[in-house]
Amino acid sequence: MRYQRSSELFKAAQEVIPGGVNSPVRAFKSVGGTPIFVEKAKGAYLYDADGNSFIDYIASWGPMILGHAFAPVIEAVKSRAELGTSFGMPTALETEIATLALDMVPNMEKIRFVNSGTEACMSAIRLARGATKREKIIKFKGCYHGHSDAFLIQAGSGAMTFGSPSSPGVTAGTAKDTLLAAYNKLEEVKALFHEYPDEIAAIIIEPVAGNMGCIPPAEGFLEGLRSLCDQHQSLLIFDEVMTGFRLAKGGAQELLGIRADIVTFGKVIGGGLPVGAFAAKRSIMKHLAPEGPVYQAGTLSGNPLAMAAGLAMLQALNGDQKIYDRLEAKTERIEIGFREVLEGRDIPFQINRLGSMISLHFTEHAVVDFETAAFGNNPRFNSYFHGMLNEGIYLPPSAFESYFLNDALSYEDIDKTIGAFEKVAANL
Ligand code: KE4
């Protein structure tokens, strides 16, 4: 593979954009090398500035679940654009996509659209604090809920004290209201409720973690969080920015059978345009402005162009009962193929998978939380990433990301991916 043009473009980008990218993970910092500058994409394939093509396993970090340039979405955006792109006034289109989303997702009665997953999670926390009149939240180490201050918190000193800022610019005042626990460790959550009785507004969690690689919830873990929230009148927030409309039509709530109090969305719900959302029962959403006092707003929230893309995406997913079976089967094929490649080699590995979320970890430890995910052999991951890239397979450029399969992937693509891994594994 040649990356000459991407290198030139990266150099130019770094002159005018911090790090040359508009989102850090794109810069290949953790895997090394020069980021690929993409020119176009169609179906399961990416085409870069050097004329290389790749089978795509990030699907724009989730949104392109039906493949790139999905015709119904493109058509919807084209025809909608002719009517004007933004009005700052309500449109019937927003009611249409809100109604469909609430039909698809169980247990939710109202939904508010925003412009990103970050905005959805930030707003959900504010709503939970406003509704409960409490200030503290619990999040889990390694879970990512976007880059608003309340979430950029790392474990403080000691096992279960409140957090400390994980980024300059986040204040100690903010950090003191974010408590941390280890994913899948219910006893740590119980201890926080014991330590801060009546102060915890909400628990926010990725019901299937995708930002430590893929980590499914342990048996009884989410059920335990549900009962702790019921016991302490705290709210359970499922961050379904990744899992929403991906694990099932109704997301993790449907697949895992656990009911959250607030659910956040992003990625798929926008069909590739900037959309986030958060939903809850009427009794919670009534606190949100302009109905209630909890303020939240956005110039482009519910933007008709983005709503048109999201509506076309949700209509396609809602109309195709087999999509999730197809995605599950293709992801299982990847898992089986990768296991066959690695069995018998002296390469310790774990493969975590739930539905079409999957990740490969080069470690002998079971990957069940951030600490065990961090045991991964990153140099080995980096040569795996670049080896696969050179074979025309585009994987997430970080050991701490889930792969996102899309419905446009053929079994020929899957088998080509496994064949590429066979070649790459020989040099790991
Ligand atoms: P955005 O603000 O990036 O739309 O969504 C934030 C977010 C919230 N919740 C979860 C569970 C998420 O995974 C994300 C964003 N995911 C990352 C990939 N792990 C986006 C990629 C990026 O940061 O460029």
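Residues numbered from 1 in each chain as written. Predicted model: local features only at pLDDT ≥ 70, side-chain atom pairs only at ≥ 80, totals over all residues. Heavy atoms only, no water.

## Observations regarding the overall build of the protein chain
Short version of the rule: A run of H or I in DSSP counts as a helix once it spans at least four residues, and a run of E counts as a strand once it spans at least two, with each numbered from the N terminus. Put simply, the radius of gyration uses C-alpha atoms, and a globule should come to 2.2 Å times the residue count raised to 0.38. For the exposure calls, accessible area comes from a 1.4 Å probe over protein chains only, and a residue counts as buried if that area is under 20% of its type's maximum, exposed if over 50%, partly exposed in between. Two residues qualify as a contact provided that any one of their heavy atoms is within 4.5 Å of a heavy atom in the partner residue. For the accessible areas, the method is Shrake-Rupley and the probe is 1.4 Å, while residue cover comes only from the protein chains on display. Positive: Lys, Arg. Negative: Asp, Glu. His and the chain ends are not part of the count. Charge positions are represented by NZ for Lys, CZ for Arg, CG for Asp and CD for Glu.
Counting secondary structure elements, the protein chain contains 14 helices and 16 strands. In terms of overall dimensions, the protein chain is globule-like: its C-alpha atoms have a radius of gyration of 21 Å, near the 22 Å expected for 428 residues. C-alpha atoms of the protein chain, sized along the principal axes, occupy 55 × 55 × 45 Å. Per-residue burial over the protein chain gives 56% buried out of 428 residues. Across the protein chain, every contact between residues at least 6 apart in sequence was considered, and the portion connecting residues at least 24 apart equals 71%. For the protein chain, the accessible area works out to roughly 17700 Å², and carbon and sulfur atoms hold 54% of it. Computing the positive centroid from 39 side-chain charges and the negative centroid from 48, the protein chain places the two 3 Å apart.

## Thoughts on the site of the ligand
In plain terms, the rule: Put simply, a residue is near a molecule or strand once any heavy atom of it comes within 4 Å of that molecule or strand. Between N or O atoms, a polar contact is any pair within 3.5 Å; within protein, one atom must be a potential hydrogen donor and the other a potential acceptor, and residues adjacent in sequence are included only when both atoms are from side chains.
Every one of the 16 residues lining the ligand counts as a neighbour, but Ser23, Thr118, Asn211, Asp239 and Glu401 are closest to it. In this structure, asparagine 211 approaches the ligand through a side-chain N or O atom, which is 2.5 Å from a nitrogen atom. With respect to the ligand, the side chain of lysine 267 contributes an N or O atom lying 3.0 Å from a nitrogen atom.

## As for the sheet that holds strand β14 (residues 357-361)
Quick reminder of the rule: Paired strands, in this sense, are two strands between which DSSP finds at least two bridges. Angles here are taken between N-to-C directions and fall from 0 to 180 degrees, while the axes themselves are lines fitted to C-alpha atoms, restricted in helices to the stretch in contact.
If you trace the 3 strands from one edge of the open sheet to the other, you get β13-β14-β16, paired in antiparallel fashion. Across the chains shown, the open sheet's two edge strands, defined by having one partner strand only, are β13 (350-354) and β16 (403-404). In terms of strand pairing, β14 meets β16 through 2 bridges, oriented antiparallel. Residue pairing for β16: isoleucine 358 is matched across the bridge by tyrosine 403. On top of the sheet, helix α11 (residues 323-342) reaches β13 and β14; it is set at about 170 degrees to β13, its chief contact.

## What to know about the layout of surface pockets
To be explicit about the condition: The pocket and cavity definitions rest on a 1 Å grid over protein atoms only: a 1.4 Å probe that fits but cannot leave marks a cavity, an open set with protein on both sides within 12 Å along at least five of seven lines marks a pocket, and residues lining either have an atom within 4 Å of a point. Grid points are joined across faces, edges and corners, and a volume is the space filled by probe spheres set on the points. Under this grouping Gly is polar, as are all residues other than the nonpolar Ala, Val, Leu, Ile, Met, Phe, Trp, Tyr, Cys and Pro and the charged Asp, Glu, Lys and Arg.
One number sums up the size of the second largest pocket: a volume of about 610 Å³. Glu94, Ile111, Arg112, Phe113 and Ser301 are the residues nearest the centre of the second largest pocket, which is lined by 27 residues in total. For the lining of the second largest pocket, the elements supplying multiple residues, two or more each, are α3 (92-104) and β4 (110-114). Here the lining of the second largest pocket gets 4 residues from one element, more than from any other, and that element is β4. Its residues placed into classes, the lining of the second largest pocket shows 13 nonpolar, 10 polar and 4 charged.

## Brief notes about empty space enclosed by the protein
For the structure shown, the criterion picks out 1 cavity of 30 Å³ or more. There is about 40 Å³ of room inside the largest cavity. Elements represented by at least two residues in the lining of the largest cavity include exactly β14 and α13 (378-390).

## A closer look at the packing of α3 against helix α10 (residues 304-319)
Where we set the bar: In this scheme the crossing of two helices becomes right-handed for a clockwise turn of the near helix relative to the far one and left-handed for an anticlockwise turn of less than a right angle.
Across the interface, α3 lies against α10 with an axial gap of 9 Å and an inter-helix angle of 30 degrees. Crossing of α3 against α10: the hand is left-handed. Taking contact as the criterion, the partners of Leu93, Glu94, Glu96, Ile97, Leu100, Ala101 and Met104 in α3 are, on α10, Pro304, Met307, Ala308, Gly310, Leu311, Leu314, Gln315, Leu317 and Asn318. Split into classes, the residues belonging to the contact of α3 with α10 amount to 11 nonpolar, 3 polar and 2 charged.

## Examining the packing of aromatic side chains
Note on aromatic pairs: each is described by the distance of the centres and the angle between the planes. For clarity, the cut-off: Pairing of aromatic rings covers Phe, Tyr and the six-membered ring of Trp, with a centre-to-centre limit of 6.5 Å; geometry is then stacked below 30 degrees between planes, edge-to-face above 60, and tilted otherwise.
Applying the stated criterion across every chain yields a total of 14 aromatic pairs. Ring plane angle 55 degrees and centroid distance 5.5 Å describe the contact between tyrosine 183 and phenylalanine 221, whose orientation is recorded as tilted. Here the residue tyrosine 183 occupies a position in the loop between β8 (178-181) and α6 (186-195), and phenylalanine 221 occupies one in helix α7 (residues 221-232), the gap between them amounting to 38 residues. In terms of burial, tyrosine 183 and phenylalanine 221 fall into one category: buried.

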